[in-house]
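Chain by chain, the residues run as shown.
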Amino acid sequence: QVQLVESGGGLVQPGRSLRISCAADGSIFRLYGMGWYRQVPGKQRELVADITRGGSTNYADSVKGRFTISRDNAKNTVYLQMNSLKPEDTAVYYCNTVPMRWEWGQGTQVTVSS
């Protein structure tokens, strides 16, 4: 079982940027497409961005043009650069494979508020 550790969240004002990271403890990381998911209380977890093994990316309409997903296979890490943040981006962000295969990590809280 691969352990996922998300980090980098915090409180940020609307319009500002934040980069979050997710480290996996297994070398098999490079074999899978990875995604960033987010969840707010009372709602289902949603996939907002994913990146294939080869580096192709896809984004939910709500974040397209503002978020960028990337990966560093040598570091077993996937990143999410979030620009022009909006209050509706407030959520706990998680990473996992796409489709989800591994146990969820603790997530990282992103709060967008003035």
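The preceding data block contains the structure.
Residues numbered from 1 in each chain as written. Predicted model: local features only at pLDDT ≥ 70, side-chain atom pairs only at ≥ 80, totals over all residues. Heavy atoms only, no water.

Before going further, it helps to examine unusual backbone geometry. A cis geometry characterises the amide bond from Val98 onward to Pro99, with omega recorded as -5°. Structurally, Pro99 is set in the loop between strand E9 (91-97) and strand E10 (108-112). Even without a glycine there, the phi angle at Ser84 is positive, about 50°. On the secondary structure map, Ser84 appears in the loop between strand E8 (77-82) and E9. (Helix = DSSP H or I, 4+ residues; strand = E, 2+ residues; numbered from the N terminus.)

Our focus in this paragraph is the sheet that holds strand E5 (residues 46-51). Across a sheet, paired strands are connected by hydrogen bonds in the backbone, their directions being either parallel or antiparallel. Taken in spatial order, the six strands make up an open sheet running E2-E10-E9-E4-E5-E6, and their pairing is mixed. Each end of this open sheet is capped by a strand with a single partner; those strands are strand E2 (10-12) and strand E6 (57-59). In this sheet, neighbouring strand axes are inclined to one another by 25° on average, regardless of whether the strands run parallel or antiparallel. Relative to E10, E2 runs parallel, the two sharing three bridges. Residue Val12 lies in a different strand from E10, and its bridge partner there is Val112. (Pairing = 2+ DSSP bridges. Axes fitted to C-alpha atoms, helices over the stretch in contact; angles between N-to-C directions.)

A few words now on the sheet that holds strand E3 (residues 18-24). Across the sheet, which stays open at both edges, the four strands sit in the order E1-E3-E8-E7 with antiparallel pairing between neighbours. Each end of this open sheet is capped by a strand with a single partner; those strands are strand E1 (4-7) and strand E7 (67-72). Geometrically, the sheet is characterised by an average inter-axis angle of 15° between neighbouring strands, direction not taken into account. Bridging between E7 and E8 involves six bridges; their strand directions are antiparallel. Considered in E8, the bridge of Arg71 is made with Val78.

So far we have only geometry, and geometry alone does not tell us how the molecule works.
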